[in-house]
Amino acid sequence: MNNPIISFQNVSKTFSRKGENFLALDNINLDINKGDIFGIIGASGAGKSTLLRLINHLESPSHGTVLINGVSLQGINKKQLNDVKKDIGMIFQHFNLLNSRTVFHNVAIPLILQGRDKAFIHERVMELLEFVNLGDKAQSYPDELSGGQKQRVGIARALAGNPSILLCDEATSALDPHTTVQILLLLQEINQRYGITIVLITHEMSVVQKICHNVAVMADGHMVEQGNVLALFGQPQNTVTASFVQSVIHDRLPEQTVARIKQQKDSRALRLEFVGQTAQQPIVNQLIREYPVQVNILFANMSEVQNTILGFMIVQLRGETAHIDSAIHYLHTAGVKISDV
Ligand SMILES: Nc1ncnc2c1ncn2[C@@H]1O[C@H](COP(=O)(O)OP(=O)(O)OP(=O)(O)O)[C@@H](O)[C@H]1O
Ligand SMILES: [Mg+2]
């Protein structure tokens, strides 16, 4: 097992507000592996930005330890801390560009602060602007750009110092859906081409669905669930997670419909989950042909998560109990995950 590039160990953060203490993060434990695209999702006020700000030491924990590459940010001197910070880039919801400076200058800022010479800066900035597809905008000002273009400048600036970690705080929340997808694809390319670890904060599950490998779900300062995106989308354990998943994947029937079905005799309503290959087999066809049960398909939906097909179906099986049981046994052996509705 690799050592995580970012590790939270029993981290809590308390803010003082008008003399009262407010627990913004409560005993967070989290490991993010190198090369991951890690999503952190939660409602407003859940503590997402606070968590992100602990990674690049804009905040420090009230309890516990944040480790970057195995090094505790709490136990090192200023020079070492600056070295760690240089290795972390960040992009923001509202881009945080200097409007009085050109696109070129905005991207150059981290390099100027590092004391790089002019020729180096010119070459690196132009290379980055080409990479984010803004080679022709070097002399433009931020106000002359669209939101998507501004975020591309933000991304180029964050990459200027060659970081190994890129933090994204609601980086697509101010963008329209089409531009959001373009920016997410760019982040994915950065991850794949340069192996940069991306930590991405969002309140939109569609963002997690599109590019994250792993995800942590936060509510009221707590980490309520974390894991692989595909597993978490398929079988959310926590109600907060389930409601985020349902915002992009509909897999529920109206409650009254469920109640009506449950009243019926010799019947069982099941939620079937098909993952990957299982979603491409004629399993239901086989079920209908080979088992003496009636199959009533109440709902079906197919999505793609992490390039894998994730299918949900809600079916009502009607017939003798023994026949229904053997039909369920068949579905199990065919690799379908089954739960009662
Ligand atoms: N510097 C601070 N002083 C006092 N309270 C703070 C401070 N920073 C954050 N908080 C509080 O901590 C809680 C978590 O804030 P945080 O900004 O991390 O939430 P968030 O999940 O990023 O929300 P949003 O989605 O709205 O950005 C909030 O209740 C916030 O008011
Ligand atoms: Mg925030």
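Computed from a predicted model, the values in this text were never measured in an experiment. Here, residues in each chain are numbered from 1, in the same order as that chain's written sequence. Both sets of labels track the order of writing: A upward for chains, 1 upward for ligands. Side-chain atom pairs in this predicted model are given and counted only at pLDDT of 80 or more, local residue features only at pLDDT of at least 70, and totals for whole chains, interfaces and linings cover all residues. Side-chain metrics rest on all non-hydrogen atoms present in the structure, leaving aside hydrogens and water.

S.K.: How should the overall build of the protein be read in this particular structure?
M.R.: Summing up its helical and strand segments, the protein has 12 helices and 14 strands in all. Dimensions of the protein along its principal axes, counting C-alpha atoms only, are 80 × 50 × 40 Å. Contact between two residues is taken to exist if any of their heavy atoms lie within 4.5 Å; hydrogens are not considered. Looking at the protein alone, contacts between residues at least 24 apart form 68% of all its contacts between residues at least 6 apart. Accessible area for the protein stands at about 17,000 Å²; split by element, carbon and sulfur atoms hold 47% of it. For the purpose of counting charges, residues Lys and Arg are taken to be positive, whereas Asp and Glu are taken to be negative. His and the chain ends are not included. Charged side chains are reduced to one point each, which is NZ for Lys, CZ for Arg, CG for Asp and CD for Glu. Of the side-chain charges in the protein, 29 are positive and 30 negative, and the distance between the mean point of each set is 4 Å. Helix and strand labels come from DSSP, where a helix needs a run of H or I of at least four residues and a strand needs a run of E of at least two; each type is numbered from the N terminus. We get accessible surface area from the Shrake-Rupley algorithm with a probe of 1.4 Å; when it comes to residues, only the shown protein chains can shield them.

S.K.: Help me out: how do you make sense of the pairing of strand β12 (residues 294–305) in this one?
M.R.: Pairing between strands is defined by DSSP: at least two bridges between the two strands are required. Taken together, the 11 bridges between β12 and strand β13 (residues 308–318) define a ladder with antiparallel strand orientation. What sits directly across from F299, in β13, is I314. Here β12 folds back onto β13 in antiparallel fashion, the turn holding two residues, of which Q306 has a positive phi close to 50°.

S.K.: Looking at this structure, I do not really get the site of ligand 1. What am I missing?
M.R.: Close contacts around ligand 1 come from 13 residues, with R17, S44, G45, K48 and T50 the closest. Here an oxygen atom of ligand 1 sits 2.5 Å away from a polar atom, N or O, in the side chain of R17. In the model, an oxygen atom of ligand 1 is placed 2.9 Å from a nitrogen or oxygen of the S49 side chain. Coverage of ligand 1 by the protein chains reaches 65% of its 640 Å² of free accessible surface. By convention in these notes, a residue is near a molecule or strand provided one of its non-hydrogen atoms lies within 4 Å of it. Between N or O atoms, a polar contact is any pair within 3.5 Å; within protein, one atom must be a potential hydrogen donor and the other a potential acceptor, and residues adjacent in sequence are included only when both atoms are from side chains.

S.K.: How should the sheet that holds strand β9 (residues 214–219) be read in this particular structure?
M.R.: Strand pairing in a sheet relies on backbone hydrogen bonds. The paired strands run either parallel or antiparallel. Taken in spatial order, the six strands line up as β6-β7-β8-β3-β9-β10 in an open sheet, and their pairing is mixed. Unpaired on one side and paired on the other, β6 (88–92) and β10 (222–228) mark the two borders of the sheet. With strand direction ignored, the average angle separating the axes of adjacent strands in the sheet is 15°. Here strand β7 (residues 165–169) pairs with strand β8 (residues 197–202) via five bridges, running parallel. Only C-alpha atoms enter the line fits that serve as axes; for helices the fit covers just the stretch in contact. Angles between N-to-C directions range over 0 to 180 degrees.

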